[in-house]
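# Coordinate inspection notes
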Amino acid sequence: MLKKIAIVCLLACSQFVFAQKKPAPGPAYKNAKLTINQRIADLLHRMTLEEKAGQLNQLNGGVFTGPAVNDANQQAKVQMVRESKVGSFLNVTGVKETRNIQKVAVEETRLGIPILFAFDVIHGYKTIFPIPLAEACSWDLPQIEKNASVAAREAAAAGLHWTFAPMCDISNDPRWGRVMEGAGEDTWYGEKVAAARVKGLQGDLDDANHVLACVKHYAAYGLSEAGREYGNVDVSRSALWNKYLPPYKAAVDAGAATVMNSFNLVDGVPATANKYLVDDVLKKKWNFKGLVVSDWGSFGEIVTHGYAEDGKDATRKALEAGSMMDMESKLIIQYLPQLVKEGKLTMKQVDEAVSRVLYYKFKLGLFEDPYRFSDEARESASLFTTANRTEALKAARSSMVLLKNDANALPLKKQLGKIALIGHYAKSKEDMFDFWIANGKADEAVSVLEGLQSKFGASKITFAEGYNADATTNEKLISDAVSAASGADAIVVVIGLSGKLSGEERSLANLNIAEGQVQVLKALQKTGKPVIALINSGRPLVLTQVKDLTNAILQCWILGTETGNAVADVLAGDYNPSGKTVMSFPYAVGQIPVYYNHINTGRPTPEKRDGPFTSRYRDIPNAPLYPFGFGLSYTTFEYANLNCGKTVTKQTQLPVSITVKNTGAYDGEEVVQLYIRDMTASIVRPVKELKGFRKIFLKAGETKTVDFVLTPKDLSFFDGEGNVKLETGKFKVFVGGDSKNTVEASFELK
Ligand code: GLC
């Protein structure tokens, strides 16, 4: 009996002890053993309508430590966090700031839902890479992906979870300051670059070294009328599907977590409230399961556009269309509970949106460790490292495009006597950076002057300002430049635009080189010394006059932290330029939009433009000064033996091959480009469409055969409803080193 009692006591004690050890079960949403969807379901069930509205509210942040703590505005935002009225901040950066706010969200709110921190890491966080338009000119997709992964690693180490990149807007209009943010004028290449950037930024999102990507600006914002920022867009459905939508879809297919509405209209409806764009296409046709965030204030702009009577009406229309998070309009937080209570929005619609915000907070592990991205040791060890700067240098070197090089003015021989370096931008570091400098510091960058001094030796470089910061000049500046040139063997002059005129809200109607800079060029040309122009700009400028005043032109774009070292490597021939422009350079502003993949029109103008009553200008050529895909090397390449099958069917592929020979004295890289033309179709097709490229390396004298395969997808297009069309008929295929100088053959799709 005693034994039995002892056993019963033992069992009771063990159960008691066991019961003591097993913690009380916390709420299911905090249980990492459950699936994310199970945790979301539990959390939604616990949330009030006001708390749900809070998750869809994204505010601009700033700093919340130090003196800012006393700032009434900032205090009000902190209070909103305490009241669970903020789901995300943008522009709060750095471990200290993000941790400070995250602590309030996690420890001082009822449910402890963490905040998502977002920032415009467009081309680097601290180590600044070339602008996206420049890196796209490298045609080096692995490097483009690497650039994005370095930027993501730095951003993630600085407490950030989300960047508003890649921008996937196709644009033919360099008057628009934001062409710097995209991948140029070609849709097919834009798709490839978009996917590479998403992969680089996001990885598989589970190592705290990557961030949520954001596909923007959805959709067709690059068509902004007359290149004016925030302008209107009027686009046909066939152009929308064939030219503008594919890069957004490529980014979505690459797994992009978020999409950002654009400011513009499509079909007369603001993108943020556009059910066709957001619900029919993005969510239903493309099966996008991620988060849609508005652009800054674009919920409110639905009223300004004239599509809603007031903020409440705008909120309803935006959410009904399928948009979800409100950046800085503060309308969701104000009207959503009311709209649901009045039956104008359903809780299902609200839960659908909130669940997508919560999904990424769970996915990033922020419920397990809200400070997973906020480690100060990791932050200082990850930013601006030698390895990161090495990648930035590689990216900068391969982004530059050599547009002209008469009589091999470049590369500069290292045994040169003196080099005259002229131009305010050669020394001014702040002018080397664009609007999206993120947390980069201009004074940490290498200027062109510093780069040349370290490459050639400071004693060999004579610098003269040439023109002022505002690009004006005067007799003194010009005479100083000429005297610097008089003692030199070669003249390098940096002209173009300050980087500060590149980026959002930087539209320009005049793209000519500033008069002051032209005056300096003219004076330098008179010296009879070779003049090499370096163009600092975030967009193609009109270089028609520059072309006649110089021996060589190197388009440097905006190259970021390693500008000076990259430029020096190219000028000295330590790197043979391999870039090919991804945007056409207009002959004149009046030509814009000018792009390679245009339609033929019913009256195409022959090359020599002498045809009366054809589609031409009487005062300038139709062709751009430099076409899409163009870029010189220090060597030359010859294309021959284009070989392609004569017929292909809808079920087969068409092999295409060509031989490329390096016929010059330098080893070099060449971007071999493959274009097609569909001669007859139910929707007229462009005279050329890029459908493939290979970036190859050839030693001097070496020949390689380059192979391509054209697939049925390459030969298809979309109708106005986004249905894929593949139609039999005649095609042409073109291969060459740019979109103009190509060899061609024909084949038939049967
Ligand atoms: C801006 C831009 C958008 C950016 C956002 C946040 O207005 O249009 O590209 O990501 O606001 O800064």
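Residues numbered from 1 in each chain as written. Predicted model: local features only at pLDDT ≥ 70, side-chain atom pairs only at ≥ 80, totals over all residues. Heavy atoms only, no water.

As annotated in an unreviewed UniProt entry, the chain is beta-glucosidase from Sediminibacterium roseum. Entered under Sequence similarities (unreviewed entry) in the UniProt record, the comment concerning the chain runs "Belongs to the glycosyl hydrolase 3 family." (UniProt positions renumbered as here; feature names shortened; annotations may be inferred.)

## Quick look at the overall build of the chain
The number of helices and strands found in the chain is 22 helices and 26 strands. The globule rule puts the C-alpha radius of gyration for 750 residues at 27 Å, and the 29 Å found for the chain is close to it. The principal-axis extent of the C-alpha atoms belonging to the chain is close to 110 × 65 × 65 Å. Sequence-distant contacts, at least 24 apart, represent 78% of the contacts inside the chain between residues at least 6 apart. Surface accessibility of the chain: about 28,700 Å² in total, with carbon and sulfur atoms responsible for 53%. (Helix = DSSP H or I, 4+ residues; strand = E, 2+ residues; numbered from the N terminus. Rg over C-alpha atoms; globule rule 2.2 N^0.38 Å. Contact = heavy atoms within 4.5 Å. Areas by Shrake-Rupley, 256 points an atom, 1.4 Å probe, with all protein chains shown as cover.)

## So, the sheet that holds strand S10 (residues 326-327)
Sheets are built from strands that pair by backbone hydrogen bonding, the pairs being arranged parallel or antiparallel. Taken in spatial order, the 5 strands line up as S4-S3-S2-S1-S10 in an open sheet, and their pairing is parallel. Across the chains shown, the open sheet's two edge strands, defined by having one partner strand only, are strand S4 (162-163) and S10. The pairing of strand S1 (residues 57-60) with strand S2 (residues 88-90) spans 3 bridges and is classified as parallel. Pairing of glutamine 58 across the sheet is with serine 88, part of S2. Sheet strands touched by helix H4 (residues 72-82): S1 and S2. Its angle to S1, the strand with the most contacts, is close to 160 degrees. (Pairing = 2+ DSSP bridges. Axes fitted to C-alpha atoms, helices over the stretch in contact; angles between N-to-C directions.)

## Here's the deal with the side chain of glutamine 555
With respect to the secondary-structure elements, glutamine 555 resides in strand S16 (residues 552-557). With a relative accessible area of 0%, glutamine 555 lands in the buried category. Of note is the side chain of glutamine 555, whose polar atom sits 2.9 Å from the side chain of serine 537. The contacts of glutamine 555, once residues within four sequence positions are left out, are Met400, Val401, Leu403, Ile535, Ser537, Arg539, Leu543 and Phe585. (Buried < 20%, exposed > 50% of the residue type's maximum accessible area, 1.4 Å probe, protein only. Polar contact = N/O pair within 3.5 Å; in protein donor to acceptor, adjacent residues only side chain to side chain.)

## Focus on empty space enclosed by the protein
Empty space among the atoms becomes visible once a probe the size of a water molecule is rolled across them. According to the stated counting rule, one finds 5 cavities of 30 Å³ or more in the structure shown. Space inside the largest cavity adds up to approximately 150 Å³. Around the largest cavity, the lining is made up of 17 residues, and of these Ile122, His123, Glu135, Ala148 and Arg197 lie nearest the centre. Breaking the lining of the largest cavity down by element, the ones donating at least two residues are helix H6 (132-136), helix H7 (141-157) and helix H8 (187-202). Take the lining of the largest cavity: its biggest share by element is 4 residues, from H7. (1 Å grid on protein atoms, 1.4 Å probe; cavity = no way out; pocket = protein on both sides within 12 Å on 5 of 7 lines; lining within 4 Å. Points joined across faces, edges and corners; volume = space filled by probe spheres on them.)

## Topic: the environment of aspartate 120
Among the secondary structure elements, aspartate 120 is positioned in the loop between strand S3 (116-119) and H6. Along the backbone, aspartate 120 and isoleucine 40 are 80 residues apart, and their C-alpha atoms lie at a distance of 28 Å. Ignoring anything within four residues of it in the chain, the contact list for aspartate 120 reads Asn91, Thr163, Phe164, Lys216, Trp436 and Ala438. Among the polar contacts made by the side chain of aspartate 120, one reaches the side chain of lysine 216 at a distance of 3.5 Å.

## Regarding the site of the ligand
Taken together, Leu90, Asp120, Phe164, Arg178, Lys216, His217, Met260, Phe263, Asp295, Trp296, Met327 and Glu504 make up the full set of residues near the ligand. Lysine 216 places a side-chain nitrogen or oxygen 2.8 Å from an oxygen atom of the ligand. Here aspartate 295 contributes a side-chain N or O atom positioned 2.6 Å from an oxygen atom of the ligand. Starting from 310 Å² of accessible surface for the ligand in isolation, the protein chains cover 94%. Of the residues that constitute the shell around the ligand, the class distribution is 6 nonpolar, 1 polar and 5 charged. (Near = heavy atom within 4 Å. Nonpolar A, V, L, I, M, F, W, Y, C, P; charged D, E, K, R; others polar.)

## Quick word on the pattern of salt bridges
Pairs can form between side chains of opposite charge whenever their charged atoms are close. Scanning the model with the defined rule gives 44 salt bridges in all. One salt bridge in this structure joins glutamate 689 and arginine 685, with 3.2 Å as the shortest N-O distance. Both residues of the pair, glutamate 689 and arginine 685, belong to the buried class. Measuring nitrogen to oxygen at the nearest pair gives 3.6 Å for the salt bridge that ties lysine 750 to glutamate 748. When its relative accessible area of 54% is taken as the criterion, lysine 750 is described as exposed. (Salt bridge = Lys/Arg side-chain N within 4 Å of Asp/Glu carboxyl O.)

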